[in-house]
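# Topology and contacts: notes
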Amino acid sequence: MNHCTRNVFTGDWNLLLRSIQKLQTKCYQCSGTALMSLSRGQTTATKQAPDPGKREKLPLRAIDLARKFRQEKSNTRAAEPPLSAYQKRVVDLKRFSLQLQNVHPNVLAKHLSRSVLYQDQQVVVINKPYGVPLRDSSGETSVSSVLPVLSKMMDGMKIKSDSQLFPCLGLEKEMTGALLLARSEEVVEHVRELNRSNQVERKYWLVTVGVPVPSEGMIDIPIIEREVTGSQPHYKMALSPVYRMNDTGDGLTKVRANRQSLPAVTKYKVLDSNGGCSLVELEPLTGVKHQMRVHMAFALACLILGDHKYSHWSKLAPQKLPERMLGKLGLEQSKIRHLPLHLHARQLTLPRIGLGNISVQSPMPKFFTQTLSRLNLTFPKEKDD
């Protein structure tokens, strides 16, 4: 390399160094301004800048999702006011019933398969959970909608299985306990015929607000459906008596029966009572809609605990309980709407051809036994069949 070439390179190199030094000095002088600008434009810069995490994003793990769910649940609980032990049980029960109504039919069918109390070649008895309707209504998951899946589960999930299940005797959505299912339509008709001739015995246990007087007897008062007018028009079942007190007040006078009324007969017996509440056994001899609830509310003036429909005739409102009873239950009146109906199908007995009687007892739901304990009502001892 000759002398001229070296001078060119040396001059260029010195020029480059001076340019770099000037640039560094300028950067130092502008560093404060640059940081302030960065702070003011942080949002814009963040949006425009590439996120290195996106290039190395790891897939979500189940344990991470579980931790996130627990954290969110914990934060929600911390924000909510504390509930008493009984309030928590009532709210949990409501949440559980809503979950059962909205779960996949297979999930409900699996739950019902675990609650089978009795089965043979003709009938199946299951322990119906609270809040699940027997038949389809308003898009809710019902017992009837999962019977095809339940029958397959009970038959070992055989592909060629042709087993079926049909509801025989119904239970209201808010009721719990023994629910009878038939394996064929012929058995359904046979059971209904037995029921019409009073050969099917069904006993229900309930907690009442008040104590029936006398402690044992029979209610024989027809029932009719009536419209309740007002700000919230609705329909309720009501008594339609065929007798009334005479003018002198010392006897009864027979009156003309309403053609639309239905005969309704209910036997009752007080099993235990304490502090203005009682545990009562009912045996309906007829099957009118809401028969037991109407007879208890209007004939005996002893409302079933948790019966919000028949607590007030002229309006739709939660049941109002005495202060003493609220204290025992650990509830406030403002939370009473969550209190479930305490009406349980305890025992079911029906005859079988040449094989003796089928007699099934359904275990009490947890909320029912907890209420008995809080109200100091004794769980009666029953003879083994």
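Presented here is a report on the structure given in the accompanying data block. Sequence order sets the numbering: in each chain, residues are counted from 1 along the sequence as written. With the structure being a predicted model, the display of local features is reserved for residues of pLDDT at least 70 and the display and counting of side-chain atom pairs for 80 or more, all residues being used for whole-chain, interface and lining totals. Neither water nor hydrogens contribute to the side-chain values; these are computed over all heavy atoms in the structure.

## Considering the layout of surface pockets
Within this scheme a cavity is a closed region of a 1 Å grid, computed over the protein atoms alone, that accommodates a 1.4 Å probe without allowing it to escape, whereas a pocket is open but has protein on both sides within 12 Å along at least five of seven lines; lining residues each have an atom within 4 Å of a point. Grid points are joined across faces, edges and corners, and a volume is the space filled by probe spheres set on the points. If you add up the space inside the largest pocket, you get close to 610 Å³. Lining the largest pocket are 29 residues, and of these Tyr130, Glu174, Arg293, His308 and Lys309 sit closest to its centre. Secondary structure elements are taken from DSSP: a helix is a run of H or I of four residues or more, a strand is a run of E of two residues or more, and numbering for both begins at the N terminus. Among the elements that make up the lining of the largest pocket, the one with the highest residue count is helix 5 (residues 85-102) (six residues). Residue composition of the lining of the largest pocket, by class: twelve nonpolar, seven polar and ten charged. The volume enclosed by the second largest pocket comes to roughly 510 Å³. Along its surface, the second largest pocket is lined by 19 residues, and Gly170, Leu171, Arg202, Gly287 and Val288 are the ones closest to its centre. Of all elements in the fold, only strand 3 (166-169), helix 8 (185-196), strand 5 (201-209) and helix 9 (291-299) reach the threshold of two or more residues within the lining of the second largest pocket. A per-element tally of the lining of the second largest pocket places helix 8 first, with three residues. Residues were grouped as follows: Ala, Val, Leu, Ile, Met, Phe, Trp, Tyr, Cys and Pro as nonpolar; Asp, Glu, Lys and Arg as charged; and all remaining residues, including Gly, as polar. For the lining of the second largest pocket, the class distribution of residues is eight nonpolar, six polar and five charged.

## Observations regarding empty space enclosed by the protein
Here the structure, examined in full by the defined rule, presents three cavities of 30 Å³ or more. The space that makes up the largest cavity amounts to roughly 80 Å³. Breaking the lining of the largest cavity down by element, the ones donating at least two residues are helix 8 and strand 14 (343-352). It is helix 8 that contributes the most residues to the lining of the largest cavity, four residues altogether. Partitioned by chemical class, the residues of the lining of the largest cavity number eight nonpolar, two polar and two charged. Within this model, the second largest cavity holds a volume of roughly 60 Å³. In terms of lining residues, the second largest cavity is bounded by Leu169, Gly170, Leu171, Ala178, Leu180, Arg202, Tyr204, Ala345, Gln347 and Leu348. Of all the secondary structure elements, the ones that give two or more residues to the lining of the second largest cavity are strand 4 (176-182), strand 5 and strand 14. With three residues, the single largest contributor to the lining of the second largest cavity is strand 14.

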